[in-house]
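Observations on chain architecture
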Amino acid sequence: MNLASIPSPSTGVIELGPIPLRGYAFCIIIGVFVAVWIGNKRWVARGGKAGTVADIAVWAVPFGLVGGRLYHVITDYQLYFSEGQNWVDAFKIWEGGLGIWGAIALGAVGAWIGCRRRGIPLPAWADALAPGIAVAQAIGRWGNWFNQELYGKPTDLPWALEISEGPNRVAGTYHPTFLYESLWCIGVALLVIWADRRFKLGHGRAFALYVAAYCAGRAWIEYMRVDEAHHILGLRLNVWTAIIVFALAVAYIVISARLRPGREEIVEPDKAAGAAAAATAAEKKDDDADGTDAPEADSTDGDPLKKDAPDTDSADSDPLKKNAPEAADKS
């Protein structure tokens, strides 16, 4: 008998009149907003414009949601296309089922489109957003808690998760793998922020570090889960995915550091060009001000003798003419 455990909500939906507020969707939405907020602060600190991260997220988020759902449906097709299942359920994203691998892959395609439209490098944008994505995942995992899904093996630990009887689940206490992954993602976000400040990561290496660190945790957390999944050589499919993606991320960090060391000096050319134009205009304004404020030079300033000499009449210059009486007219 457990003296302590984590209770699960009796329902994952709160009815607000005719509008159902689903806990899973709510967690995803909050995660997206937090990721954009963190990414925007980091992007501005790197020299970019405020709002650029959100503008590109408008492309990345829809692509990511579609990619995450596609990965889930493809890898768990039996839940939707086997005998007795309704294929329409594949579109019910609010009921849970997003694969992070597909979300990141297709989300990157959307981000690439947004970056090209703004003329900025995708790797720099991804570096700015990396910790925010990890925090978004940490928040999103609580959506699994609302749905009572993705838990681990049975346990009687004090932090065991209570699961009630329901479709495809047996009542009991299990490892809260959603909580393990949520805490791991918070740690990944802090790791990326620290490493980025310490080593000045650039050209996509901060994002690659996030991917590698997440995969390292996902591998062992995935191994604990007991929900139905496909296996290859005795390991769950997502464990293999985590191993492969981890190796690719580490390889990218090593190769990129050799080929393109350091960090991008300019992450948003439009802002850099605007700042240069503003500086040039300010410089021209200062030059114009220096030219108009100077007093006009007097023609006599160059010769001190002319400046100080009194005006003289032509007669005054000859003393004989000045003192001689005027001659009488004798004619």
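Just so it is clear, the structure is predicted and the values come from calculations on it, not from any experiment.

A separate point is the nonpolar core. Trp-43, Trp-101, Trp-125, Val-192 and Tyr-210 are the most contacted members of the largest nonpolar core, which has 41 residues in total. Those elements that place two or more of their residues in this core are helix H1 (23-45), helix H2 (52-75), helix H4 (100-118), helix H5 (122-140), helix H7 (177-199), helix H8 (205-224) and helix H9 (237-259). The residues touching Val-192, leaving out its near neighbours within four places in the chain, are Ala-130, Pro-131, Ala-206, Leu-209 and Tyr-210.

Turning our attention to a nonpolar patch on the surface. Together, Ile-14, Leu-16, Ile-19, Leu-21, Phe-26 and Ile-30 line one region of the surface with nonpolar side chains, adding up to about 540 Å² of accessible area. Secondary structure elements with two or more residues in the nonpolar patch: strand S1 (13-16), strand S2 (19-22) and H1. You can see Ile-19 is positioned in strand S2. Looking at Ile-19, the relative accessible area reads 55%, which means it is exposed.

For the rest of this paragraph, the subject is the packing of aromatic side chains. Scanning the model with the defined rule gives 10 aromatic pairs in all. Taking 4.7 Å as the distance between ring centres and 40° as the angle between the ring planes, the aromatic pair formed by Tyr-151 and Tyr-174 counts as tilted. Residue Tyr-151 is found in the loop between helix H6 (142-147) and strand S3 (161-163), and its partner Tyr-174 is found in strand S4 (residues 172-174); the two are separated by 23 residues along the sequence. Judged by relative accessible area, which is 10%, Tyr-151 ranks as buried. You can call Tyr-174 buried: its relative accessible area is 10%.

Attention now moves to unusual backbone geometry. Residues other than glycine seldom take positive phi values, yet Gln-148 does so here, at roughly 55°. With a relative accessible area of 6%, Gln-148 lands in the buried category. Located in the positive-phi region is Leu-233, a residue other than glycine, with phi close to 55°.

With that settled, the discussion passes to H2. Helix length check: H2 (24 residues) gives 34 Å between terminal C-alpha atoms against 34 Å at 1.5 Å per residue, within 8%. The largest bend along H2 reaches roughly 35° and is located at Val-58, with the proline Pro-62 sitting one to four residues downstream.

Two faces belong to every sheet, and in a regular strand the side chains alternate between them. Both S1 and S2 contribute to a ladder of four bridges, which runs antiparallel. Its bridge partner being in S2, Ile-14 is matched across the sheet by Leu-21. In this antiparallel pair of consecutive strands, S1 and S2, the connection spans two residues, and Gly-17 shows a positive phi of 65°.

Definitions and cut-offs
Residues numbered from 1 in each chain as written. Predicted model: local features only at pLDDT ≥ 70, side-chain atom pairs only at ≥ 80, totals over all residues. Heavy atoms only, no water. Core = buried A, V, L, I, M, F, W, Y, C linked by side-chain atoms within 4.5 Å. Buried < 20%, exposed > 50% of the residue type's maximum accessible area, 1.4 Å probe, protein only. Helix = DSSP H or I, 4+ residues; strand = E, 2+ residues; numbered from the N terminus. Contact = heavy atoms within 4.5 Å. Patch = residues over 30% accessible without salt bridge, like charges linked within 9 Å, V, L, I, M, F, W, Y side chains within 5 Å. Areas by Shrake-Rupley, 256 points an atom, 1.4 Å probe, with all protein chains shown as cover. Salt bridge = Lys/Arg side-chain N within 4 Å of Asp/Glu carboxyl O. Phe/Tyr/Trp six-rings, centres within 6.5 Å; stacked < 30°, edge-to-face > 60°. Expected span 1.5 Å × (residues − 1). Bend = angle between axes of the 7 residues up to and from the residue. Pairing = 2+ DSSP bridges.

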